[in-house]
Amino acid sequence: MSEDAAIFVGASDTDQFLLLKYGNRHGLVAGATGTGKTVSLQTIAEGFSAYGVPVFMADVKGDLSGISQVGGDNPKAIERAKQLKLDGYKGRAFPTIFWDLFGEKGHPVRATVTEIGPVLMARLLQLNDTQEGVLNIVFKVADEQGLLLLDFKDLQAVLQWTAENAGTLTTKYGNVGKQTIGTIQRSLLTLQQQGGERFFGEPALDLKDMIGRDASGAGFVNVLAADKLMQSPRLYGTFLLWLLSELYQVMPEVGDADKPKFVFFFDEAHLLFDDAPKALLDKIEQVVRLIRSKGVGVYFITQSPLDVPESVLGQLSNRVQHALRAFTPKDQKAVKTAADTFRPNPKFKAADAIVELGVGEALVSFLDAKGVPEPVERCFVAPPRGRIGPATDAERAAVIKASPLAGKYEQTIDRESAYEVLMGRASGGPVQHDAGASVPTSGQRRRGQYDDMPAPPPSSSPWSPPVDAAPPTDNTPRPQPRLREAQPPAPPPPLKVPARRSDTFSETIAKSAARTVTNIAVREASKAIFGSGRGNSGGILGRIARGVLGGLVK
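Residues numbered from 1 in each chain as written. Predicted model: local features only at pLDDT ≥ 70, side-chain atom pairs only at ≥ 80, totals over all residues. Heavy atoms only, no water.

Draft legend 1. Structural context of the overall build of the protein. Looking only at helices and strands, the protein features 17 helices and 12 strands. For the protein, the computed accessible surface area is about 28900 Å², with 54% contributed by carbon and sulfur atoms. (Helix = DSSP H or I, 4+ residues; strand = E, 2+ residues; numbered from the N terminus. Areas by Shrake-Rupley, 256 points an atom, 1.4 Å probe, with all protein chains shown as cover.)

Here it is, written out as structure tokens:
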């Protein structure tokens, strides 16, 4: 392929080409609704496919499915071809693979929960920083426990297990609040009601199936049916960002090639950046900046350049700007921003031209042979060769049936993963004990043990102690299992109570009466000896004392 191989985009005073060797320098297609962005997107995508470059694009309105059918019969397309003097213009169908997250209008697209990761999952569930931190702990624990997070119910099961073991996990990873787990579960329920659970599972998408060519050498055009997906904008943006991140991970470094290895069109790009945290924006900027060296071009399609952050906008070298309407101060700012991103042309003012452009007309600026942006030019966009407009349901079904991937992704695979492992533990029944045995007869650890592997060792394991053996001494502190052994309560300390007497009831009455008689006798004897203390009469001792004193007186 020569260095001058290029896609013809349009013409006015001069022809406008997008050089293939700079196709991985990314691009932007912007403009108000109804100004021709979709047709421009289709023209550029067909150009890449014709040169053997596979592309991916999301079909938000259903219009792009017509690329799979022979076109060239649209009156406006024929008129534009004559205007641009395209000799021999005729229609052509391009090799198309239809995809659909819901499996209704194309091959199902799935990814495992682990592949999505906690960062994108947190954005998908609209979690705050605290909730995202707990979700990171959940992924970490699942990894350490060997619990595979494949589908939707796997994540729900591990979240439930984490809540039940929150006290143990807090000491190792930090605070794991049950209320936070509950909030994440509610967000999962909302996503499930929107149909998002269909995205998680196996068989997961193999990106190699997208990056291919047909027998004639034309690159596959991967069309994602996104009309229903757009009802969940955050799911749409998260999925496309995941796909872009996966491309960055799996594609090898190629440096500067004569043409891209893959081109990714990101329609409704504002959904990716709306309310995105700074950490996510940094990740997007990094991927866009570095994925160029892997031969991947990224083209954002949106209404206004203001929808794309400046850090990302500065990476987009190939520009197609359709008309903008300056009805409000914000619109006027968008017009000025779009005009300022172009290299000026002394022939006209870009800001004035943007509001004057007609349907199918655009301001364009591509990189020249030296990689320098060309001055902005006003041109009419070339017509696509595929059908302008949607394919019928019958035509779509025929393309899906004839696809080289037919039958590969249609059947869901549900192998043993976190949900099955944890439910298998929970369904094991209550812990059984032998009479007089202080430890379980099997010697196995109870299910839910935090630091254990998910599958308990068999009873014949060499690590299983015999029934009569004392439990092994281990000074390492271990967290408690979810299902604990029923331990007998510790006996209370003995109470100091007086010894019980063996007297009968009659003996007790007799002894009480004897004590009463004795007390009376002692009292009367005391009166006889000492006197009652009343009057002058005294007792025996008083009379003796008076007699002795009287004798001394005499």
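Let us keep going from here.
Draft legend 2. Region of the structure containing the pairing of strand β8 (residues 262-267). Burial of β8 is extensive: 6 of the 6 residues sit out of reach of the surface. Looking at chain direction, strand β4 (residues 55-59) and β8 are connected through 3 bridges and run parallel. Paired with Val55 across the two strands is Val263, which belongs to β8. Looking at chain direction, β8 and strand β9 (residues 296-302) are connected through 6 bridges and run parallel. Bridge pairing in β9 links Phe264 to Val298. (Buried < 20%, exposed > 50% of the residue type's maximum accessible area, 1.4 Å probe, protein only. Pairing = 2+ DSSP bridges.)

Draft legend 3. Molecular detail of the nonpolar core. Membership of the largest hydrophobic core comes to 88 residues, with the highest contact counts inside it found for Tyr236, Phe239, Phe264 and Phe300. It is helix α8 (residues 233-250) that contributes the most residues to this core, 10 residues altogether. Among residues more than four places away in sequence, those in contact with Phe300 are Gly27, Leu28, Val29, Phe266, Ala269, Leu272, Phe273, Val288, Val312 and Leu316. One finds Leu18, Val29, Met57 and Phe265 within the second-largest nonpolar core, a separate group that totals 31 residues. (Core = buried A, V, L, I, M, F, W, Y, C linked by side-chain atoms within 4.5 Å. Contact = heavy atoms within 4.5 Å.)

Draft legend 4. Just the packing of aromatic side chains, in detail. Taken as a whole and judged by the stated rule, the model has 14 aromatic pairs. Ring geometry for Trp99 against Tyr409: centres 5.7 Å apart, planes inclined by 65 degrees, an arrangement best described as edge-to-face. One end of the pair, Trp99, is in strand β5 (residues 96-100); the other, Tyr409, is in the loop between α14 (393-401) and α15 (418-426), with 310 residues separating them in the sequence. Just as Trp99 is buried, Tyr409 falls in that class too. One aromatic cluster in this structure is built from Phe56, Tyr236, Phe264, Phe266, Phe273 and Phe300. (Phe/Tyr/Trp six-rings, centres within 6.5 Å; stacked < 30°, edge-to-face > 60°.)

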